[in-house]
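A closer look at the structure
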Amino acid sequence: MKIKGFYFVTDSKLSKQGIFSDAEQAIVAGCKIIQYRENKKSSKEMLEEALQLKKICAKKNVLFIVNNRVDIALAANADGVHLGQDDLPLAVARKLLGKKIIGVTAHSAQEAIVAEKQGADYVSASAIFATTTKKDAGKPKGIELITELKQAVKIPVVAIGGINEENLQPVLEAGADSIVMISAILNSDNVKETVARVVERINCFQAREKK
Ligand code: TZP
């Protein structure tokens, strides 16, 4: 399955209904990719949560990705892992994960080119706009980073960081294959309705562009 369209990332701190409910609502609303992102809990707790999310995703044929942790991804039989620049090297993760999906965070075209050469399945352009969800996201790069990454690599480019319904249009126009929104979804009044609106907008835009 291709990395395309709306990509939801869980956040237990921002969640009002709990991460399982958020994932279920996002899936009902049409989301096809869910990432489990957690950095405060024990490995044991993380595995339990990852297993539960995997079950929720598998039932609906939704891709399930684990952030940072190759061990949790393997133990939960996730579809893949997302690696930051300070996580396990891609070559090591590839050995452990075989054909599973591996995404890599890229802050520049150079990082994206290296990730593609080493066999990444997608890169995430980070961070596009200012965000408070990830404290060390660094200075926002603007939509120019999406344009640069799209020119530099052939693998899908996922846009992340400070994206919401107001600033979605330029992100789409810059050519992002997939788009993450965390706080824009979890701070909204209704996760399902907000995801449904965003999914519809992204899918419509991408269907039109394909013609
Ligand atoms: N990586 C780069 S920015 C970010 C992550 C996980 C947080 C994005 O969250 P939000 O709330 O959509 O800005």
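About the criteria used
- Residues numbered from 1 in each chain as written.
- Predicted model: local features only at pLDDT ≥ 70, side-chain atom pairs only at ≥ 80, totals over all residues.
- Heavy atoms only, no water.
- Near = heavy atom within 4 Å.
- Polar contact = N/O pair within 3.5 Å; in protein donor to acceptor, adjacent residues only side chain to side chain.
- Areas by Shrake-Rupley, 256 points an atom, 1.4 Å probe, with all protein chains shown as cover.
- Nonpolar A, V, L, I, M, F, W, Y, C, P; charged D, E, K, R; others polar.
- Salt bridge = Lys/Arg side-chain N within 4 Å of Asp/Glu carboxyl O.
- Helix = DSSP H or I, 4+ residues; strand = E, 2+ residues; numbered from the N terminus.

**Remarks on the site of the ligand**
The environment of the ligand is formed by Arg37, Ser126, Thr131, Thr133, Lys134, Ile160, Gly161, Gly162, Met181, Ile182 and Ser183. Here Thr133 contributes a side-chain N or O atom positioned 2.5 Å from an oxygen atom of the ligand. A distance of 2.5 Å is found between an oxygen atom of the ligand and a side-chain nitrogen or oxygen belonging to Ser183. For the ligand, whose accessible area on its own is 370 Å², the fraction buried by protein is 95%. Its residues placed into classes, the shell around the ligand shows three nonpolar, six polar and two charged.

**Overview of the pattern of salt bridges**
When charged atoms on two side chains of opposite charge get close, those side chains can pair. Applying the stated criterion across every chain, the model contains eight salt bridges. Between Lys54 and Asp79 there is a salt bridge, with the nearest N and O atoms lying 3.9 Å from each other. Of the two residues, Lys54 is situated in helix H2 (residues 43-59) and Asp79 in the loop between helix H3 (70-75) and strand S4 (80-83); the sequence distance between them amounts to 25 residues. Residue Arg197 pairs with Glu165 through a salt bridge whose shortest N-O separation is 2.8 Å. Of this pair, Arg197 sits in helix H9 (residues 191-210) while Glu165 sits in the loop between strand S7 (157-159) and helix H7 (168-173), placing them 32 residues apart in sequence. Each of Glu38, Lys41 and Glu49 takes part in salt bridges that share partners, so that together they form one network.

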